[in-house]
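These are the residues of each chain, in order.
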Amino acid sequence: GSVDQTVTWSVNGISSGNSNVGTINTSGVYVAPSSVSGQTSFTITATSAADPSKSGSAVATIYPPVTCTYGASPSTVVVPGHTLLSWNCAYAGSCTLDGAPVGTTGNKTEYPTSTTSYDLQCTSAVNGSASFDGSILVTVHNPGIKETNP
């Protein structure tokens, strides 16, 4: 006769999992929950249908995405004014502002003389492919430059 080689899957002891712990299908494909509040680990277990006393487990660790709040105040500057760029990034290991290393939380005063885009890029501390890439446009008005129409 044939031996039943099927298994049942569970996540954290929940058959097939759920939206809080992630789901796993009958083929063993795990889909993590859509969001986690911090680094979270889940135990995935395959249990023999023929002999439920036989099982194997693995741990999946899920990391939240890099999220940043990033702004410029004011976003419109009249020369010789300034703007304060500020950012606060969660779950980031490193950030750059226009290519220069900055902290994951900080601010920087800029004195633009023309309309300028400031780019903030941050990478996860644990997953190099998870990142944030944001840009802020600061509009500059220069009353010293007269615009003429030919």
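Rules and cut-offs
Residues numbered from 1 in each chain as written. Predicted model: local features only at pLDDT ≥ 70, side-chain atom pairs only at ≥ 80, totals over all residues. Heavy atoms only, no water. Helix = DSSP H or I, 4+ residues; strand = E, 2+ residues; numbered from the N terminus. Rg over C-alpha atoms; globule rule 2.2 N^0.38 Å. Buried < 20%, exposed > 50% of the residue type's maximum accessible area, 1.4 Å probe, protein only. Pairing = 2+ DSSP bridges. Axes fitted to C-alpha atoms, helices over the stretch in contact; angles between N-to-C directions. Core = buried A, V, L, I, M, F, W, Y, C linked by side-chain atoms within 4.5 Å. Contact = heavy atoms within 4.5 Å. Salt bridge = Lys/Arg side-chain N within 4 Å of Asp/Glu carboxyl O. Polar contact = N/O pair within 3.5 Å; in protein donor to acceptor, adjacent residues only side chain to side chain.

### Considerations on the overall build of the protein chain
Thought 1: In terms of regular secondary structure, the protein chain is built from zero helices and 15 strands.
Thought 2: Taken over C-alpha atoms, the radius of gyration comes to 25 Å for the protein chain, far larger than the 15 Å a tight globule of 150 residues would show.
Thought 3: C-alpha atoms of the protein chain, sized along the principal axes, occupy 95 × 35 × 20 Å.
Thought 4: Taking all 150 residues of the protein chain together, 28% fall into the buried category.

### A word on the sheet that holds strand β15 (residues 131–141)
Two orientations exist for strands paired in a sheet by backbone hydrogen bonds: parallel and antiparallel.
Thought 1: If you trace the five strands from one edge of the open sheet to the other, you get β9-β15-β14-β11-β12, paired in mixed fashion. Pairing within the sheet leaves two strands with one partner each, and these edge strands are β9 (76–78) and β12 (100–102). On average, adjacent strands in this sheet sit at an angle of 30 degrees to one another, irrespective of strand direction.

### Remarks on unusual backbone geometry
Thought 1: S73 connects to P74 through a cis peptide bond whose omega is -5 degrees.
Thought 2: Each neighbour pair has its own omega, and for V79 with P80 the value is 10 degrees, a cis peptide bond.
Thought 3: Considering the arrangement of structural elements, one finds P80 in the loop between β9 and β10 (83–90).
Thought 4: Phi at N12 is positive, roughly 50 degrees, even though this residue is not glycine.
Thought 5: Examined against the element boundaries, N12 turns out to sit in the loop between β1 (7–11) and β2 (14–15).
Thought 6: Within the chain, S16 stands out as a residue other than glycine whose phi angle is a positive 65 degrees.

### Overview of the sheet that holds strand β5 (residues 30–31)
Thought 1: A sheet is described by the order of its strands in space; here three strands give the open sequence β3-β4-β5, paired in antiparallel fashion. This sheet does not close on itself; its edge strands, each paired only once, are β3 (17–18) and β5.
Thought 2: In this structure, β3 lies alongside strand β4 (residues 22–24), joined through two bridges in antiparallel fashion. Considered in β4, the bridge of N18 is made with G22.

### Section: the nonpolar core
Thought 1: Y70, L85, W87, C89, L97, L120 and C122 are the most contacted members of the largest nonpolar core, which has 18 residues in total.
Thought 2: Those elements that place two or more of their residues in this core are β8 (67–73), β10, β11 (92–97), β14 (116–124) and β15.
Thought 3: The residues contacting C89, other than those within four sequence positions of it, are T67, C68, C95, T104, T105, L120 and C122.

### Observations concerning the environment of A125
Thought 1: Within the element layout of this structure, A125 appears in the loop between β14 and β15.
Thought 2: Setting aside anything within four residues of it in sequence, one finds A125 in contact with Y91, A92 and G93.

### Regarding the pattern of salt bridges
Thought 1: Following the criterion strictly, the structure yields two salt bridges and no others.
Thought 2: Residues E110 and K108 are paired through a salt bridge, measuring 3.1 Å at the closest nitrogen-oxygen approach.
Thought 3: For K108, a relative accessible area of 38% corresponds to the partly exposed category.

### Structural notes on the side chain of S48
Thought 1: Within the fold, S48 resides in strand β6 (residues 40–48).
Thought 2: For S48, the side chain forms a polar contact with the main-chain nitrogen of D51, separated by 3.0 Å.
Thought 3: In this view, S48 contacts T6, V7 and K54; residues no more than four positions away in its chain are not counted.

### Quick notes on the environment of D98
Thought 1: As for its placement among the helices and strands, D98 is situated in the loop between β11 and β12.
Thought 2: The partly exposed category is assigned to D98, whose relative accessible area is 43%.
Thought 3: A sequence separation of 27 residues divides D98 from G71, and the C-alpha atoms of the two residues are 14 Å apart.
Thought 4: Setting aside its immediate chain neighbours within four residues, D98 contacts S117, Y118 and D119.

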